[in-house]
Protein chains: 2
Amino acid sequence: MEFQIAVAKVNKYATSESGDTLEVVERPNGGLSVVLADGQTSGRGAKAVSQMVVRKVIGLLAEGVRDGAAARAASDALFTDKQGKVICTLNIASLDLLSGTIVLTRNNPAPLFVCRGEQIDQLDAESIPLGTSRDVRPIITEFPIEPGLTIVIYTDGLTHAGERRGQPMNVGEAIRSVLEDQDPHPQSLADSLLAHAVSLDENRPADDISVLALKFTARVGDNVRRMTVRLPLDGITQP
Amino acid sequence: MEFQIAVAKVNKYATSESGDTLEVVERPNGGLSVVLADGQTSGRGAKAVSQMVVRKVIGLLAEGVRDGAAARAASDALFTDKQGKVICTLNIASLDLLSGTIVLTRNNPAPLFVCRGEQIDQLDAESIPLGTSRDVRPIITEFPIEPGLTIVIYTDGLTHAGERRGQPMNVGEAIRSVLEDQDPHPQSLADSLLAHAVSLDENRPADDISVLALKFTARVGDNVRRMTVRLPLDGITQP
């Protein structure tokens, strides 16, 4: 089998910094975790909050702390620091090679989607962001990995897209229309969802938007691990 | 301008875990750092060492510590822990958006390559791994970013490829032959170098090999940040 991760991310229109932070970390017992946080408001303050939360979570995961405990610790740290005045959403998606499962941890009112073939399930149990109170509990879902499994996670900028014009995005429908194509790469899926949202916002995103797509496929190709990152550099003066 | 990062990574033949660890982290003042470490020997012990070093370095970078200081701190921590009995190479490549420069930090006898058009420079000043003694100094090189700049960094598995058969790899020549193609994507460059090394080792790599290629290009396309990760899963039982 092969595991693919794809991310597509834009800033709110006319802001130079995204309040969303996403990082990938190796798990000490094998596997990877992807950690995505969205700090309240936008710009530099939000970035500092989401970076602090992601930093805390990946530091704990790297020590072997379980995902749920890491999310609770980050929430307590944020609550202690900001006294409940600043909140932050968190999603962790972990491939755990010890158990052969994927573990989804969610402190985010935005749902996530789990797709197997034509079946698309929306996981939308009530979930609150970090930092809102003491003892914030994450919603944790764990299931065995299998070829064809696709998972879509996003920050609320995606669901808010189009609201300004009274045409909010139907994320489930958008996922279905992409998955009807022949076995799309998760980067195509993430890119399509993001492009759809940006077009609903008339190319001026009303919020930072991050889309994360994870996919397990039957093995094709070599045994090389690969990673590609693309970072547009606006505002850098060319010599 | 646009910044692209590409990584290609294989394990030593018949080992399930690579002693090389690579992670990407956002810098608190803007930009990214890529951190690559190669722990002595191979397998689980080497992995624990390289993970510890990368963890230490990215934790410090995330706090705003400068790259050279982070490398020295990781070396001191490794020396204190292992009393000089275990060493680890380290490379840090940082895009610093505050200064508009790229900062290359090296504690690795293996050289690195900086390419501008047809000019390919090998940076091979003597450099020793972390953990060898107290007061290990990194070699630091910093220069302004510009379109067309390509940087290639690797662990010593690449330079050792083919030695078993008395046909060691000439990395500089291999880079030149790929760059003669029309403006290759850094993933093509990293993949080609890795494939060349693996073929010299008769498809049974004698060591873990990691190749990192960084490239600045004149801007083409949208303002979306993207990341793709591909992880082959051997030994996972399919249901």
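Now for a look at the structure at hand. What you are looking at is a predicted structure, and each value in this text was computed from that prediction instead of being measured.

1. Brief notes about the overall build of chain A
Broken down by element type, chain A carries 5 helices and 11 strands. Whereas a compact globule of 239 residues would reach a radius of gyration of roughly 18 Å, chain A reaches 17 Å, a difference of no more than 12%. C-alpha extents for chain A along the principal axes are approximately 45 × 45 × 40 Å. Looking at the 239 residues of chain A, the share that counts as buried comes to 57%. Considering only contacts in chain A between residues 6 or more positions apart, those separated by 24 or more positions represent 71%. Total accessible area computed for chain A in this model is approximately 9,700 Å², and 48% of it derives from carbon and sulfur atoms. Distance from the positive charge centre (24 side chains) to the negative charge centre (31 side chains) of chain A: 5 Å.

2. Examining the interface of chain A and chain B
Listed per partner, the contact involves 55 residues of chain A and 55 residues of chain B. Interface area, chain A with chain B, both sides summed: about 5,400 Å², of which 53% is carbon and sulfur. A per-residue breakdown of the area chain A buries against chain B is headed by Met227(A), Arg230(A) and Leu231(A), which together make up 16% of the total. Along the contact surface separating chain A from chain B lie 8 salt bridges. With its nearest N and O atoms 2.9 Å apart, the salt bridge here joins Glu2(B) to Arg230(A). Taken together, the links from chain A to chain B amount to 29 residue pairs in polar contact (both at pLDDT 80 or more). For the side of chain A that touches chain B, the elements supplying multiple residues, two or more each, are β1 (2-10), β2 (20-26), α1 (44-62), α5 (186-200) and β11 (225-232) of chain A. By residue number, the principal contributor to the side of chain A that touches chain B is β1(A), which donates 9 residues. Grouping the constituent residues of the side of chain A that touches chain B by class yields 29 nonpolar, 10 polar and 16 charged. As defined by bridge partners, β1(A) adjoins strand β11 (residues 225-232) of chain B across 8 bridges and the pair is classed as antiparallel.

3. A few points about the relation of the copies chain A and chain B
Mapping chain A onto chain B calls for a screw motion: a turn of 180 degrees about the axis and a shift of 0.0 Å along it, with 0.0 Å RMSD after fitting. Within this description, the copies of the chain are treated as partners about a two-fold rotation axis. It is Thr228(A) whose C-alpha, among those of chain A, lies nearest the rotation axis, at 2.6 Å. Most of the interface of chain A is mirrored in chain B, where 100% of its interface residues are also at the interface.

4. Observations concerning the environment of Met169(B)
All names here are of chain B. Along the chain, the position of Met 169 falls in the loop between α3 (157-160) and α4 (171-179). Along the chain, Met 169 and Leu 200 lie 31 residues apart, while their C-alpha atoms are 7.5 Å from each other. Those residues within four positions of Met 169 in sequence are excluded, and the remaining contacts are Leu 158, Thr 159, Ala 161, Ala 174, Leu 193, His 196, Ala 197 and Leu 200.

5. Details of the layout of surface pockets
The calculated volume of the largest pocket comes to roughly 860 Å³. What lines the largest pocket is a set of 39 residues, and nearest its centre among them are Asn11(A), Thr15(A), Ser16(A), Pro232(A) and Asp234(A). Taken together, the elements giving at least two residues each to the lining of the largest pocket come down to β1, α1, α5 and β11 of chain A together with β11 of chain B. Among the elements that take part in the lining of the largest pocket, α5(A) stands out by supplying 4 residues, more than any other. The class makeup of the residues in the lining of the largest pocket is 15 nonpolar, 11 polar and 13 charged. The element contributing the most residues to the lining of the second largest pocket is helix α1 (residues 44-62) of chain B, with 3 residues. Residues belonging to the lining of the second largest pocket are distributed by class as follows: 11 nonpolar, 11 polar and 9 charged.

6. What about empty space enclosed by the protein?
Gaps left between atoms show up when a probe the size of a water molecule is rolled over them. Taken as a whole and judged by the stated rule, the model has 1 cavity of 30 Å³ or more. When its volume is computed, the largest cavity comes out at roughly 440 Å³. For the largest cavity, the lining is made up of 28 residues, of which Val24(A), Met227(A), Val229(A), Val24(B) and Met227(B) are closest to its centre. Those elements giving two or more residues to the lining of the largest cavity turn out to be β1, β2 and β11 of chain A together with β1 (2-10), β2 (20-26) and β11 of chain B.

7. Observations concerning the sheet that holds strand β4 (residues 88-96) of chain B
Residue and element names in this part refer to chain B. Taken together, the 5 strands give an open sheet; going across it, the order is β2-β3-β4-β5-β8, and neighbouring strands pair in antiparallel fashion. Since the sheet does not close on itself, it has two edges, and those belong to β2 and β8 (139-144), each with one partner. The average angle at which neighbouring strand axes cross in this sheet is 10 degrees, direction not considered. In the sheet, β2 pairs with strand β3 (residues 31-39) via 7 bridges, with the strands oriented antiparallel. Within β3, the position partnered with Val 25 by the bridge is Ser 33. The sheet strands contacting α1 are β2, β3 and β4, and the helix crosses β3 at an angle near 155 degrees.

8. Side note on the packing of aromatic side chains
All names here are of chain A. According to the stated counting rule, one finds 4 aromatic pairs over all chains in the structure shown. The interplanar angle of 20 degrees and the centroid separation of 4.6 Å between the aromatic rings of Phe 3 and Phe 216 together place this pair among those described as stacked. Of the two residues, Phe 3 sits in strand β1 while Phe 216 sits in strand β10 (residues 209-217), which places them 213 residues apart along the sequence. For the residue pair Phe 3 and Phe 216, the accessibility class agrees, reading buried in each case.

9. Details of the environment of His196(B)
Residue and element names in this part refer to chain B. Residue placement: His 196 occurs in helix α5 (residues 186-200). In this structure, the C-alpha to C-alpha distance between His 196 and Ala 174, residues 22 residues apart in sequence, is 8.0 Å. His 196 has contacts with Met 169 and Ala 174, leaving out every residue within four places of it along the chain.

Procedures and definitions
Residues numbered from 1 in each chain as written. Chains lettered and ligands numbered in written order. Predicted model: local features only at pLDDT ≥ 70, side-chain atom pairs only at ≥ 80, totals over all residues. Heavy atoms only, no water. Helix = DSSP H or I, 4+ residues; strand = E, 2+ residues; numbered from the N terminus. Rg over C-alpha atoms; globule rule 2.2 N^0.38 Å. Buried < 20%, exposed > 50% of the residue type's maximum accessible area, 1.4 Å probe, protein only. Contact = heavy atoms within 4.5 Å. Areas by Shrake-Rupley, 256 points an atom, 1.4 Å probe, with all protein chains shown as cover. Lys, Arg positive; Asp, Glu negative; His and termini not counted. Charge placed at Lys NZ, Arg CZ, Asp CG, Glu CD. Buried area = accessible area lost by both parts, 1.4 Å probe. Salt bridge = Lys/Arg side-chain N within 4 Å of Asp/Glu carboxyl O. Polar contact = N/O pair within 3.5 Å; in protein donor to acceptor, adjacent residues only side chain to side chain. Nonpolar A, V, L, I, M, F, W, Y, C, P; charged D, E, K, R; others polar. Pairing = 2+ DSSP bridges. Least-squares fit on C-alpha atoms with pLDDT ≥ 70 in both. 1 Å grid on protein atoms, 1.4 Å probe; cavity = no way out; pocket = protein on both sides within 12 Å on 5 of 7 lines; lining within 4 Å. Points joined across faces, edges and corners; volume = space filled by probe spheres on them. Axes fitted to C-alpha atoms, helices over the stretch in contact; angles between N-to-C directions. Phe/Tyr/Trp six-rings, centres within 6.5 Å; stacked < 30°, edge-to-face > 60°.

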